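Now for the letters of each chain:
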Amino acid sequence: MARRTKAGKSTETGADAASPVTVTVCRGCCCGTAAKHPGVDHAAQLDRLKAGVGTAGRVRAVTCIDACDHSNVVVVSPSAEGRRAGGRPVWLGWVLAEDMLDDICQWVREGGPGIAEPPGVLDLQSFTVSRRVGANVS
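It should be emphasised that the depicted structure is a prediction, and the values quoted were computed from it without experimental measurement. Per chain, the residues get numbers from 1 upward, laid out in the order the sequence is written. Residue-level local features of this predicted model are given only where pLDDT is at least 70; pairs of side-chain atoms are given and counted only at 80 or more, and the full residue set underlies all totals for whole chains, interfaces and linings. In computing side-chain properties, one takes all heavy atoms of the structure into account and sets aside hydrogens as well as water.

Student: Could you clarify how one ought to interpret the overall build of the protein in this entry?
Tutor: A run of H or I in DSSP counts as a helix once it spans at least four residues, and a run of E counts as a strand once it spans at least two, with each numbered from the N terminus. A tally of regular secondary structure across the protein gives 6 helices and 7 strands. Ordering the α and β elements of the protein from the N terminus gives β-β-α-β-α-β-β-α-β-α-α-β-α. Note on exposure labels: buried denotes an accessible area under 20% of the residue type's maximum, exposed denotes more than 50%, and partly exposed covers the range between, all computed with a 1.4 Å probe on protein chains only. Classification of the 138 residues of the protein by burial places 41% in the buried group. Every residue pair with non-hydrogen atoms within 4.5 Å of one another is taken to be in contact. Counting only contacts in the protein whose residues sit at least 6 apart along the sequence, the fraction spanning at least 24 positions is 65%. Note on areas: Shrake-Rupley with a 1.4 Å probe; residue coverage comes only from the protein chains shown. Of the roughly 7500 Å² of accessible surface on the protein, 52% is carried by carbon and sulfur atoms.

Following this line, the structure appears as structure tokens:
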């Protein structure tokens, strides 16, 4: 939570000051299902992300985030420091390959959006969502 000082400047307090990079993994109606992506071990993907990110950030699975055309969707949201540096959530689509998971984990360990450039070909996987859809993840 940001708080204003007497001088009118905003300061970070509490959990926001230490807010880590967050990796949100869609596991709703399309993403994370064998019906849409047979042969992909979705549970193992989630475990791999959690292990790869480690203490550098947090990984959470959520129900449908309304970007089904890009299934499997992963959103990498900046830490508090990354947000102060101008970082914004990055939506990644078609996250199905192991090397993509490795690139996401590496990026989080390097600081994520606002702090480090995405490694590998993650920039080719990014897409833009409407404000309505984006508001569901922040």
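Student: Looking at this structure, I do not really get the sheet that holds strand β5 (residues 74–77). What am I missing?
Tutor: If DSSP finds at least two bridges between two strands, the strands pair. The strand order β4-β3-β5-β6-β7 describes an open sheet built from 5 strands, whose pairing is mixed. Looking at strand neighbours, the two that pair on one side only are β4 (57–62) and β7 (126–127), the edges of this open sheet. Pairing of strand β6 (residues 90–92) with β7 involves 2 bridges; the strand directions are antiparallel. Note that in β7 the partner of L92 across the bridge is S126. Inter-axis angles, ranging from 0 to 180 degrees, are taken between N-to-C directions of lines fitted to C-alpha atoms, where helices are fitted over the stretch in contact. Packing of helix α4 (residues 98–110) onto the sheet brings it into contact with β3 (21–26), β4, β5 and β6, and relative to β5 it is tilted by some 10°.

Student: Teacher, can you tell me more about the side chain of N72 here?
Tutor: Take N72: it is sitting in the loop between β4 and β5. Pairs of N or O atoms within 3.5 Å make up the polar contacts considered here, provided that, within protein, one atom can donate a hydrogen while the other can accept it, and that residues adjacent in sequence are counted only when both atoms are side-chain atoms. At 2.9 Å, the side chain of N72 forms a polar contact with the backbone nitrogen of G32. A distance of 3.5 Å separates a polar atom in the side chain of N72 from a polar atom in the side chain of Q45.

Student: Can you help me understand helix α2 (residues 42–53) in this one?
Tutor: Given a helix with a known number of residues, its expected span is that number minus one, times 1.5 Å. With 12 residues, α2 ought to run about 16 Å at 1.5 Å a step, and its terminal C-alpha atoms sit 17 Å apart, in line with that. For α2, the set of buried residues is H42, Q45, L46, L49, G52 and V53. Across the axial projection of α2, the buried residues extend over an arc of 135°, all falling on one side. Along α2, the residues that are exposed and aim more than 90 degrees away from the buried face are A43, D47 and A51. Along its buried surface, α2 packs onto β3, β4 and α4. Here α2 starts with a cap whose side-chain oxygen sits 3.4 Å from the backbone nitrogen of A43, and that cap is D41. One or two residues past the end of α2 sits G54, with phi positive at roughly 55°. Arc definition: it is the arc formed by the directions from the helix axis to the C-beta atoms.

In short, the description is geometric, and any link to function would need to be established separately.
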